[in-house]
Amino acid sequence: MQTVEYVDLLGDTIIERVSEARRKPTTPNGYAGSPGRGPAGETCRSCQHKRSTGSSTARTYWKCGLMQAHWTGGPGTDIRMRSPACQFWAREQGE
Ligand code: SF4
């Protein structure tokens, strides 16, 4: 907590306690390999290793199944469907 002191338009001194700066949003980084090292034009969306988590219909969280041992409940182990395929990409069955 920080304390900020200022004078308002009526000349009264105002002291406010403000929380620390907002945390930077966590970047999804749950990829098994390096995005972009897989086949050109493919993405995590077309990979058989992608997994959706969460039972809510409000939001789907995507993770890489190859990284399941390292999954947390947080966004740091998420992946983005539009990310370029990594070197472990494998074609989704049935495509
Ligand atoms: S391309 Fe497949 S193996 Fe690679 S991070 Fe995405 S879902 Fe995982």
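Whatever comes next refers back to the structure up there.
Residues numbered from 1 in each chain as written. Predicted model: local features only at pLDDT ≥ 70, side-chain atom pairs only at ≥ 80, totals over all residues.

1. Considering the environment of Pro35
(1) Moving on: Along the polypeptide, Pro35 turns up in the loop between strand S2 (13-18) and strand S3 (50-53).
(2) Moving on: The class for Pro35 is partly exposed, based on 19 C-beta atoms found within 10 Å.
(3) Moving on: Ignoring anything within four residues of it in the chain, the contact list for Pro35 reads Ser83, Pro84 and Cys86. (Helix = DSSP H or I, 4+ residues; strand = E, 2+ residues; numbered from the N terminus. Buried ≥ 20, exposed ≤ 12 C-beta atoms within 10 Å, placed from the backbone. Contact = placed C-beta atoms within 7 Å.)

2. Here's the deal with the nonpolar core
(1) Moving on: The biggest cluster of nonpolar side chains holds eight residues, and these are Tyr31, Cys44, Cys47, Cys64, Ile79, Ala85, Cys86 and Trp89.
(2) Moving on: Apart from the residues lying within four places of it in its own chain, the contact partners of Ala85 are Gly38, Pro39, Glu42, Thr43, Cys44 and Cys47. (Core = buried A, V, L, I, M, F, W, Y, C linked by C-beta atoms within 7 Å.)

3. A word on the site of the ligand
(1) Moving on: What surrounds the ligand is a group of 15 residues, the closest being Tyr31, Cys44, Cys47, Cys64 and Cys86.
(2) Moving on: For the shell around the ligand, a count of residues per class yields eleven nonpolar, three polar and one charged. (Near = placed C-beta within 6 Å. Nonpolar A, V, L, I, M, F, W, Y, C, P; charged D, E, K, R; others polar.)

4. Re the environment of Glu5
(1) Moving on: Summarising the element assignment, Glu5 is placed in strand S1 (residues 2-7).
(2) Moving on: For the pair Glu5 and Val18, spaced 13 residues apart in sequence, the C-alpha separation works out to 10 Å.

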